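# Structural characterization, general
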Amino acid sequence: MEDQQLLQFFSEILAEADENEKSALYSLLEGVLKKQRNEYKTYLAGLMGIKSKLLDENTYESIIPVRDLVHNPLQMVHGGITASLIDIAMGSLVHQSLPSDQAAVTSEMNIHFLSKGDGNELRCRSHIVFKSHTRWVIKANVYRDDGTIVATATGNFIVIPRKV
């Protein structure tokens, strides 16, 4: 894509945008910039504005801000975004513990949505239930900032050789 094409497209969008659309556009561009600067490993993590950390050897936490960009038409966090938050938190917990020549992929995930995702942020905490050389089972819960549980999930992860 040519730079001039991109600038013209961006100008057309900006000329018609309301404040919510400008905020969403800013969030998108900020995510791309942070991915470009290696602050995120994926564009999805940048889009979500995720912040993650290992709390202890068995617990990983990922937090996303609740903003228009992740809303569904009912003005709550889209279930697919919540599912992605869960998958990232569970998968990251597994990856933190694997040797550098191994990776893990989600082979199954079961989510129960319990309440709407709203407030200022969603916090997901994942915990190890079972691990072996070939398979891990992880449990995760997602909470709103008022402490209400939004979703609970389990995931199975298959350990595979990492591509060099």
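Preceding this section is the structure that the text describes.
Residues numbered from 1 in each chain as written. Predicted model: local features only at pLDDT ≥ 70, side-chain atom pairs only at ≥ 80, totals over all residues. Heavy atoms only, no water.

### As for helix α2 (residues 19-36)
Put simply, the rule reads: Runs of H or I in DSSP of at least four residues are treated as helices and runs of E of at least two as strands, each being numbered from the N terminus. Helix span, as expected, comes to 1.5 Å for every residue beyond the first. Partly exposed residues are those whose accessible area sits between 20% and 50% of the maximum for their type, while under 20% is buried and over 50% is exposed, using a 1.4 Å probe and protein chains only. What the arc covers is the set of directions going from the helix axis to the C-beta atoms. Any pair of residues with heavy atoms lying within 4.5 Å of one another is described as a contacting pair. Polar contacts here mean pairs of N or O atoms no more than 3.5 Å apart (in protein, one a potential hydrogen donor and the other a potential acceptor; neighbouring residues in sequence count only if both atoms are side-chain atoms).
Taking 1.5 Å of rise per residue, 18 residues should cover 26 Å, and α2 covers 25 Å from first to last C-alpha, within 8% of that figure. Every buried residue of α2 is listed here: Ala24, Leu25, Ser27 and Gly31. Relative to the axis of α2, the buried residues are bounded by an arc of 155° and lie together on one face. Residues Glu19, Tyr26 and Gln36 are exposed on α2 and point more than 90 degrees away from its buried face. Buried residues along α2 sit against α1 (3-16) and α3 (43-48). Two or three places before asparagine 20, at the opening of α2, aspartate 18 has a side-chain oxygen 3.1 Å from that residue's backbone nitrogen. Positioned one or two residues after α2, asparagine 38 has a phi angle of 65°, which is positive.

### Some details on helix α4 (residues 79-97)
With 19 residues, α4 extends 28 Å from end C-alpha to end C-alpha; this agrees with the ideal 27 Å at 1.5 Å per step. Of the positions making up α4, those classed as buried are Ile81, Thr82, Ala83, Ser84, Leu85, Ile86, Ala89, Met90, Gly91, Ser92, Leu93 and Val94.

### Quick notes on the sheet that holds strand β2 (residues 59-65)
One key point about sheets: their strands pair by backbone hydrogen bonds, in either a parallel or an antiparallel sense. Just so we agree on the cut-off: Strand pairing is assigned whenever DSSP identifies at least 2 bridges connecting the two strands. Angles shown run from 0 to 180 degrees and are taken between the N-to-C directions of axes, each axis being a line fitted to C-alpha atoms and, for helices, limited to the stretch in contact.
Pairing in this open sheet of six strands is antiparallel, and the strands run β1-β2-β4-β5-β6-β3 from one edge to the other. Because the sheet does not close on itself, it has two edges, and the strands there are β1 (51-56) and β3 (102-113). Neighbour to neighbour, the strand axes of the sheet diverge by 25° on average, direction disregarded. Relative to strand β6 (residues 149-161), strand β5 (residues 135-144) is paired through nine bridges, and the arrangement is antiparallel. Opposite alanine 140, over in β6, you have alanine 153 as the bridge partner. Across the sheet, α4 lies against β1, β2, β3, β4 (121-131), β5 and β6, angled at about 140° from β3, the strand it touches most.

### Points about unusual backbone geometry
In the Ramachandran plot, asparagine 38 falls in the positive-phi region, its phi being about 65° despite a non-glycine side chain. In this structure asparagine 38 comes out as exposed when scored by relative accessible area, which is 67%. Phi is positive for glutamine 75, close to 65°, though the residue is something other than glycine. Position of glutamine 75 among the secondary structure elements: in the loop between β2 and α4.

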